[in-house]
Amino acid sequence: MSNLIPKNAISDVEIERCFDVMSELRTHLVQNQFLGTVRDMELQEFQLAYLEEDEKVVAVAGYRIAKNLFLGKHLYIDDLVTSQKIRSRGYGKTLYKWLRDQALNAGCSYIHRDSVVHRGETHRFYFRQGLTISSFHFREKLDQ
């Protein structure tokens, strides 16, 4: 496992191969809309990365490098998920460390992530990676 290197999903095939793992986290996703959605998000600097073992995608992350007045240049992790069947084997840690390296190489000052309050196991993972809770995230659902 230690020799696995994450990479960005560039081609349509690579993006589509990430769907099964990503949909474990984002259960509302629709497979035949996934590629188009990712391509639309790429226009907003979104990148999709994945880790594979034995030609099977085992972990996926969506992220973007951006700049704002609060954090300056930063890497924001939209999504980070390892396939439920093989969690706790170090794949998420490998993918997170790769994301951290991407942030450092891009000159980012911060790496950050939101996580819903009921995901205690996920929070423990992020604490082990060295992240801390720094703020509340507020939102309002807008009816269409």
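Residues numbered from 1 in each chain as written. Predicted model: local features only at pLDDT ≥ 70, side-chain atom pairs only at ≥ 80, totals over all residues. Heavy atoms only, no water.

Draft legend 1. Region of the structure containing the sheet that holds strand S4 (residues 72–82). Taken together, five strands build an open sheet; the order of strands is S1-S2-S3-S4-S5 and the sheet is mixed. In this open sheet, the two edge strands, each paired with only one partner strand, are strand S1 (7–8) and strand S5 (110–113). As defined by bridge partners, strand S2 (residues 46–53) adjoins strand S3 (residues 56–68) across eight bridges and the pair is classed as antiparallel. Of the residues in S3, the one forming a bridge with Gln 47 is Tyr 63. (Pairing = 2+ DSSP bridges. Helix = DSSP H or I, 4+ residues; strand = E, 2+ residues; numbered from the N terminus.)

Draft legend 2. Region of interest: unusual backbone geometry. Backbone geometry places Glu 45, a non-glycine residue, at a positive phi of 75°. Position of Glu 45 relative to the elements: it lies in the loop between helix H3 (31–42) and S2. Residues other than glycine seldom take positive phi values, yet Asp 54 does so here, at roughly 50°. As for its placement among the helices and strands, Asp 54 is situated in the loop between S2 and S3.

Draft legend 3. Local environment of the packing of aromatic side chains. What the rule picks out here adds up to two aromatic pairs. Aromatic pair Phe 19 and Phe 34: ring centres 5.4 Å apart, planes at 70°, arrangement edge-to-face. Here Phe 19 is found in helix H2 (residues 19–25), whereas its partner Phe 34 is found in helix H3, with 15 residues between them in sequence. Exposure remark for Phe 34: the relative accessible area of 6% places this residue in the buried category. Aromatic side chains Tyr 63 and Trp 98 sit 6.1 Å apart centroid to centroid with 85° between the ring planes, which places their arrangement in the edge-to-face category. Linking Tyr 63 in strand S3 with Trp 98 in helix H4 (residues 91–105), this pair joins segments that are 35 residues apart in sequence. (Phe/Tyr/Trp six-rings, centres within 6.5 Å; stacked < 30°, edge-to-face > 60°. Buried < 20%, exposed > 50% of the residue type's maximum accessible area, 1.4 Å probe, protein only.)

Draft legend 4. Geometry of the nonpolar core. The biggest cluster of nonpolar side chains holds 22 residues, and the ones touching the most others in it are Leu 75, Ile 77, Leu 80, Tyr 91, Leu 95, Tyr 96 and Leu 99. Of all the elements in the fold, those that place two or more residues in this core are S2, S3, S4, H4 and helix H5 (120–128). Ranked by residues supplied to this core, first place goes to H4 with six residues. Not counting chain neighbours up to four residues away, the residues in contact with Leu 80 comprise Leu 25, Val 60, Ala 61, Leu 95, Tyr 96, Leu 99, Arg 113, Phe 125 and Tyr 126. In terms of nonpolar packing, the next biggest core, distinct from the first, is built from 16 residues, Ala 9, Cys 18, Phe 34 and Val 38 among them. (Core = buried A, V, L, I, M, F, W, Y, C linked by side-chain atoms within 4.5 Å. Contact = heavy atoms within 4.5 Å.)

Draft legend 5. Inspection of H3 at higher detail. Along its 12 residues, H3 runs 17 Å from first to last C-alpha, staying within 8% of the 16 Å computed at 1.5 Å per residue. Turning to H3, its buried residues number three or more, namely Phe 34, Leu 35 and Val 38. Each buried residue of H3 sits inside an arc of 90° when the element is viewed along its axis, so together they form one side. H3 presents Asn 32 and Asp 40 as exposed residues on the side facing more than 90 degrees away from its buried surface. Among the structural elements, helix H1 (12–17), H2 and S2 are those in contact with the buried residues of H3. (Expected span 1.5 Å × (residues − 1). Arc of directions from axis to C-beta.)

Draft legend 6. Expanded view of the pattern of salt bridges. According to the stated counting rule, one finds six salt bridges in the structure shown. Note that Arg 17 and Glu 52 form a salt bridge whose closest N and O atoms lie 2.8 Å from each other. Of the two residues, Arg 17 is situated in helix H1 and Glu 52 in strand S2; the sequence distance between them amounts to 35 residues. Its salt-bridge partner being Glu 42, residue Arg 39 comes within 2.9 Å of it at the nearest N-O pair. Taken as a pair, Arg 39 and Glu 42 lie in helix H3 at a separation of three residues, close to a single helical turn. A network of salt bridges, in which partner residues are shared, links Lys 7, Arg 17 and Glu 52. (Salt bridge = Lys/Arg side-chain N within 4 Å of Asp/Glu carboxyl O.)

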